Amino acid sequence: MKRNIKSGQRSLRQLHFIVSADGTVVTGLDSLKATSSSASAGINTIVLSEAFASTDYVVQVTCATADCIVDSITATSSSVITVVTVDATDGTSDKDSIIHVTVTGSDVTDRY
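Report on the accompanying structure. Every residue gets a number counted from 1 within its own chain, in the order that chain's sequence is written. Reporting in this predicted model follows two pLDDT cut-offs: at least 70 for local features of residues, and 80 or more for side-chain atom pairs to be given and counted; totals over whole chains, interfaces and linings ignore these cut-offs and use all residues. Side-chain measures here rest on the full set of heavy atoms in the structure, leaving out hydrogens and waters.

## With respect to the overall build of the protein chain
What counts is decided by this rule: The helix and strand labels rest on DSSP assignments: H or I over at least four residues marks a helix, E over at least two residues marks a strand, and numbering proceeds from the N terminus. Burial classes: relative accessible area under 20% of the type maximum marks a residue as buried, over 50% as exposed, and values in between as partly exposed (1.4 Å probe, protein chains only). Contacts are assigned to residue pairs with any non-hydrogen atoms lying within 4.5 Å of each other.
Scanning the protein chain from N- to C-terminus turns up 1 helix and 8 strands. Shown N-terminal to C-terminal, the secondary structure of the protein chain runs as helices and strands in the order α-β-β-β-β-β-β-β-β. Relative to its 112 residues, the protein chain shows a buried fraction of 31%. Across the protein chain, the fraction of contacts at a sequence separation of at least 24, relative to all contacts at a separation of at least 6, is 54%.

In structure tokens, the structure reads:
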């Protein structure tokens, strides 16, 4: 017999915000729910104010300009994301750029 999942058990949360070229969260629907810092050019560490239930969440990042490529996205914990952006002309040099971030995850750990 299949078990039906009640909508309350799904508890999905989605965050949308924009990180400026200097690494600070500037604007967006959920700009108050995340902070960001840049340790060096092209490397942004984003900290969510409220952690997800686990690290199996989805992060989508796009550059706001054509001269930037998202090189890597790493979820280091249930609330910390590291994004590396590089210059589109050579594909290797770290580059500061405005990025648009969408994070989708669950607030429950139950799996059915």
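Now, onward.
## Focus on the state of the cysteines
The criterion, for reference: The term disulfide is used for any two cysteine sulfur atoms that are within 2.5 Å.
This structure, assessed with the given rule, holds 1 disulfide. Through a disulfide, Cys63 is tied to Cys68; the S-S separation comes to 2.1 Å.

## Some words on the environment of Lys33
Structurally, the position occupied by Lys33 is in the loop between β2 (25-27) and β3 (34-40). Taking C-alpha positions, Lys33 is 8.7 Å from Val47, a pair spaced 14 residues apart along the chain. With residues near it in sequence (within four places) discarded, Lys33 still touches Leu15, Val47, Leu48 and Ser49.

## Digging into the side chain of Thr82
With respect to the secondary-structure elements, Thr82 resides in strand β7 (residues 80-87). We classify Thr82 as buried; its relative accessible area is 18%. Once residues within four sequence positions are removed from consideration, Thr82 is found in contact with Ile43, Asn44, Thr45, Ser72, Ile73, Thr74 and Thr76.

## Some remarks on the packing of aromatic side chains
The geometry of an aromatic ring pair comes down to the distance between the two centres and the angle between the two planes. In plain terms, the rule: Within 6.5 Å between ring centres, the rings of Phe, Tyr and Trp (the latter by its six-membered ring) count as paired, and their orientation is classed by plane angle as stacked under 30 degrees, edge-to-face over 60, tilted in between. Charge over a ring is defined by NZ of Lys or CZ of Arg lying within 6 Å of the ring centre and within 35 degrees of the ring normal.
Within the structure shown, the criterion is met by 1 aromatic pair. Looking at Arg13, its charged tip hangs above the ring of Phe52, at a distance of 4.1 Å from the centre.

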